Amino acid sequence: MLGIAAVAALAARRIVADLAESTRTATAGAMLAAMNTASEYGFGGVIATLPGFGIVQRAMTDAVSDPLVSEAITTTTLAGITGSASVGLSLALGAMAPTYLARAESLSIPPEVLHRVASMASGGMDTLPHNGSVIILLALTGLTHKESYRDIFVMTLLKTALVFVVIGVYRMTGIV
């Protein structure tokens, strides 16, 4: 505490100058993230109102009978379409939660497992180059897609592969 007080007293002018610049940088970063998220949610809202969304929704829901696998595929696909994990998750669960819950209950799958699978799967195709998180990450680090995208892709691909590991572990043991 004394050390912090001493630095604050001896370097007050520098601290104030750095604080002002840091605040400007943080505000710009926060505005970028907020505007990006708002535009993604708007885009997702528009997609959800399109007639084709209902067709895609039914096709994805009916493609696989296992509710965990169906939920994972649907959530990651919608995240890829919208370019946002949170929007993909909101669309998938907002539109199809009752269907998934009913299927899960019939197989004695707890809702917590459905939630875990959906949350992890939302980051799957969310790794596409048009994703808001990727764009913000690159903007804040000053890197380009060419410099960093391969690493970003590999990490999010590994995370998505873990979704299916979680599903497999649950199916074999009933514990997740």
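Residues numbered from 1 in each chain as written. Predicted model: local features only at pLDDT ≥ 70, side-chain atom pairs only at ≥ 80, totals over all residues. Heavy atoms only, no water.

Caption draft 1: Inspection of the confidence of the model for the protein chain at higher detail. Summarising the model, the protein chain shows a mean pLDDT of 84, and 98% of its residues fall at 70 or more. The secondary-structure element of the protein chain with the lowest mean pLDDT is helix H3 (residues 51-63), recorded at 80, while helix H1 (residues 2-10) shows the highest, at 90. (pLDDT = per-residue confidence, 0-100. Helix = DSSP H or I, 4+ residues; strand = E, 2+ residues; numbered from the N terminus.)

Caption draft 2: Representation of the packing of aromatic side chains. Tallied over the entire structure, the rule returns one aromatic pair. Ring centres of Tyr-149 and Phe-153 lie 6.1 Å apart, and the angle between their planes is 40 degrees; this geometry places the pair in the tilted category. Of this pair, Tyr-149 and Phe-153 both sit in helix H8 (residues 145-173), four residues apart, which is roughly one turn of the helix. Look at Tyr-149 and you get buried, because its relative accessible area is 18%. (Phe/Tyr/Trp six-rings, centres within 6.5 Å; stacked < 30°, edge-to-face > 60°. Buried < 20%, exposed > 50% of the residue type's maximum accessible area, 1.4 Å probe, protein only.)

Caption draft 3: Representation of the side chain of Thr-74 in the model. Residue placement: Thr-74 occurs in helix H4 (residues 67-82). Within the local environment of Thr-74, its side chain forms a polar contact with the backbone oxygen of Ser-70, the two atoms lying 2.8 Å apart. (Polar contact = N/O pair within 3.5 Å; in protein donor to acceptor, adjacent residues only side chain to side chain.)

Caption draft 4: Structural view of unusual backbone geometry. Despite not being glycine, Ser-108 has its phi angle at roughly 60 degrees, a positive value. Following the sequence through the fold, Ser-108 ends up in the loop between helix H5 (85-106) and helix H6 (111-121). On the accessibility criterion, Ser-108 (60% relative accessible area) is exposed.

Caption draft 5: The arrangement of H8 in detail. Helix length check: H8 (29 residues) gives 40 Å between terminal C-alpha atoms against 42 Å at 1.5 Å per residue, within 8%. Among the residues of H8, Ser-148, Tyr-149, Ile-152, Thr-156, Thr-160, Val-163, Val-166, Ile-167 and Tyr-170 are the ones counted as buried. In this structure, the buried side of H8 is in contact with H4, H6 and helix H7 (132-141). (Expected span 1.5 Å × (residues − 1). Contact = heavy atoms within 4.5 Å.)

Caption draft 6: Summary view of helix H2 (residues 12-49). A rise of 1.5 Å per residue sets the reference length of H2, with its 38 residues, at 56 Å; its end C-alpha atoms lie 55 Å apart and thus fit the reference within 8%. For H2, every residue scored as buried is listed here: Gly-29, Asn-36, Glu-40, Gly-44 and Ile-47. Those residues of H2 that are buried are in contact with H3, H4, H5 and H7.

Caption draft 7: Seen up close, the side chain of Thr-77. Mapped onto the elements, Thr-77 comes out in helix H4. Accessibility expressed as a relative area gives 18% for Thr-77, which makes it buried. For Thr-77, the residues in contact, after removing those within four places along its chain, are Met-60 and Met-125.

Caption draft 8: The packing of H4 against H8, seen in detail. H8 packs onto H4 with a crossing angle of 170 degrees between their chain directions and a minimal axis gap of 10 Å. On the basis of their axis angle, the class for H4 and H8 is roughly antiparallel. Each of Pro-67, Leu-68, Val-69 and Ala-72 in H4 lies in contact with H8, whose residues at this interface are Val-163, Phe-164, Ile-167, Tyr-170 and Arg-171. In terms of residue class, the contact of H4 with H8 is made up of eight nonpolar, no polar and one charged. (Axes fitted to C-alpha atoms, helices over the stretch in contact; angles between N-to-C directions. Parallel < 35°, antiparallel > 145°, perpendicular 65-115°, else oblique. Nonpolar A, V, L, I, M, F, W, Y, C, P; charged D, E, K, R; others polar.)

Caption draft 9: Representation of the nonpolar core in the model. Membership of the largest hydrophobic core comes to 22 residues, with the highest contact counts inside it found for Leu-68, Leu-78, Val-117 and Val-163. At the level of secondary structure, the elements contributing two or more residues to this core comprise H3, H4, H5, H6 and H8. (Core = buried A, V, L, I, M, F, W, Y, C linked by side-chain atoms within 4.5 Å.)

Caption draft 10: Spotlight on the pattern of salt bridges. Taken as a whole, this structure holds two salt bridges when the rule is applied. Residue Arg-14 pairs with Asp-18 through a salt bridge whose shortest N-O separation is 3.7 Å. Highlighted residues: Arg-14 and Asp-18, both in helix H2, separated by four residues, approximately one helical turn. For Arg-14, a relative accessible area of 61% corresponds to the exposed category. Across the pair Arg-24 and Glu-21 runs a salt bridge whose closest N-O atoms are separated by 3.1 Å. Here Arg-24 pairs with Glu-21, and both are found in helix H2, just three residues apart, close to one helical turn. (Salt bridge = Lys/Arg side-chain N within 4 Å of Asp/Glu carboxyl O.)

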